[in-house]
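# Per-entry structural report
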Amino acid sequence: MTTRIGYAAGGFDLFHVGHLNVLRHAREHCDELVAGVVSDEMLREVKGVEPVIPTLERVEIVRSIRWVDRVHVETVPDKLDTWREVGFTHFFKGDDWRGTEKGARLEREFAEVGVEIVYFPYTAHTSSTALRRALARLDEMSDAAARPARAVAVGR
């Protein structure tokens with residue numbers, strides 16, 4: 001019997017329930033789960049995102065989750081290169097990738113090397129992007145509150 005090695009990658013920055021759901025569901029579909037934590041450099045290069053939590057701290061958070069058997073830090077943008085490093089048999093993605101050009105390319109590339117892609121429901125109500133926007137609004141509100149009130153000229 002072949003061991004099913006699953007791979008679930010993400011930035012895992014601003015860790016939230018959507019991240020947890022992907023890892024939980026992924027573990028249900030494999031014998032061993034490797035969580036890929038995208039490095040700070042790759043988040044900047046590939047997603048144009050400045051991470052809030054540094055790579056090594058995100059690794060510790062993800063490593064502590066009971067469904068994760070090991071963690072791999074992604075330092076290259078090509079998932080086939082990551083596959084060569086890790087050797088997974090199943091690749092897990094949110095279903096927001098299904099039917100996209102990037103998803104179709106990934107499906108073709110992984111089919112050539114025998115890796116099955118398994119999609120999970122995307123947690124639309126919670127995302128790192130939404131959390132970043134909320135934090136930016138809070139930061140703007142804090143900045144506005146810290147500015148001194150403008151003096152208003154009152155009639156002569």
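Refer to the structure above for everything that follows.
One structure accompanies this document, and this report is about it.

Definitions and limits used
Residues numbered from 1 in each chain as written. Predicted model: local features only at pLDDT ≥ 70, side-chain atom pairs only at ≥ 80, totals over all residues. Heavy atoms only, no water. Helix = DSSP H or I, 4+ residues; strand = E, 2+ residues; numbered from the N terminus. Buried < 20%, exposed > 50% of the residue type's maximum accessible area, 1.4 Å probe, protein only. Contact = heavy atoms within 4.5 Å. Pairing = 2+ DSSP bridges. Axes fitted to C-alpha atoms, helices over the stretch in contact; angles between N-to-C directions. Phe/Tyr/Trp six-rings, centres within 6.5 Å; stacked < 30°, edge-to-face > 60°. Lys NZ or Arg CZ within 6 Å of the ring centre and 35° of its normal. Salt bridge = Lys/Arg side-chain N within 4 Å of Asp/Glu carboxyl O.

Turning to the overall build of the chain, a few remarks are in order. Helices and strands together make up the secondary structure of the chain, namely 6 helices and 5 strands. Ordered by position from the N terminus, the helices and strands of the chain form the series β-α-β-α-α-β-α-β-α-β-α. Considering the chain as a whole, with its 156 residues, one finds that 38% of them fall into the buried category. The contacts of the chain with a sequence gap of at least 6 include a subset with a gap of at least 24, amounting to 74%.

Counting through the fold element by element, Leu106 comes out in helix α5 (residues 101-112). Among residues more than four places away in sequence, those in contact with Leu106 are Lys79, Phe91, Lys93, Trp97 and Ile117.

This paragraph deals with the sheet that holds strand β2 (residues 32-38). Pairing is parallel in the open sheet, where 5 strands are placed in the order β3-β2-β1-β4-β5. Every other strand in the sheet has two partners, leaving β3 (70-74) and β5 (116-120) as the edge strands with one partner each. Looking at each pair of strands side by side, their axes are set apart by 30° on average, direction ignored. Where β2 lies against β3, 5 bridges are found, and the strand directions are parallel. Residue pairing across strands places Ala35 opposite Val71, the latter belonging to β3. Those strands touched by helix α3 (residues 55-63) are β2 and β3, and its axis lies near 160° from that of β2. On top of the sheet, helix α4 (residues 79-86) reaches β1 (5-10), β2, β3 and β4 (90-94); it is set at about 140° to β3, its chief contact.

Our focus in this paragraph is the packing of aromatic side chains. For the structure on display, the rule yields 7 aromatic pairs. Ring pairs connect the aromatic residues Tyr7, Phe88, Phe91 and Phe110, which therefore count as one cluster. Above the plane of the ring of Trp97 lies Lys93, whose end atom (NZ or CZ) is 3.9 Å from the centre.

Attention now moves to unusual backbone geometry. One non-glycine residue, Phe12, lies in the positive phi region at around 55°. Within the secondary structure layout, Phe12 lies in the loop between β1 and α1 (17-28). According to the relative accessible area criterion, Phe12 is buried, its value standing at 4%. Look at Leu14: it is not a glycine, yet its phi comes out positive at around 50°.

Going through the model one piece at a time under the given rule, you end up with 7 salt bridges. Note that Glu32 is salt-bridged to Arg70, the shortest N-O span being 2.7 Å. Pair noted here: Glu32 is in strand β2 and Arg70 is in strand β3, with a separation of 38 residues, a long-range link. Owing to a relative accessible area of 22%, Glu32 belongs among the partly exposed residues under this scheme. The salt bridge involving Arg63 is made with Glu60; its shortest N-O contact spans 2.6 Å. Of this pair, Arg63 and Glu60 are both found in helix α3, 3 residues apart, which corresponds to roughly one turn of the helix. Exposure remark for Glu60: the relative accessible area of 45% places this residue in the partly exposed category.

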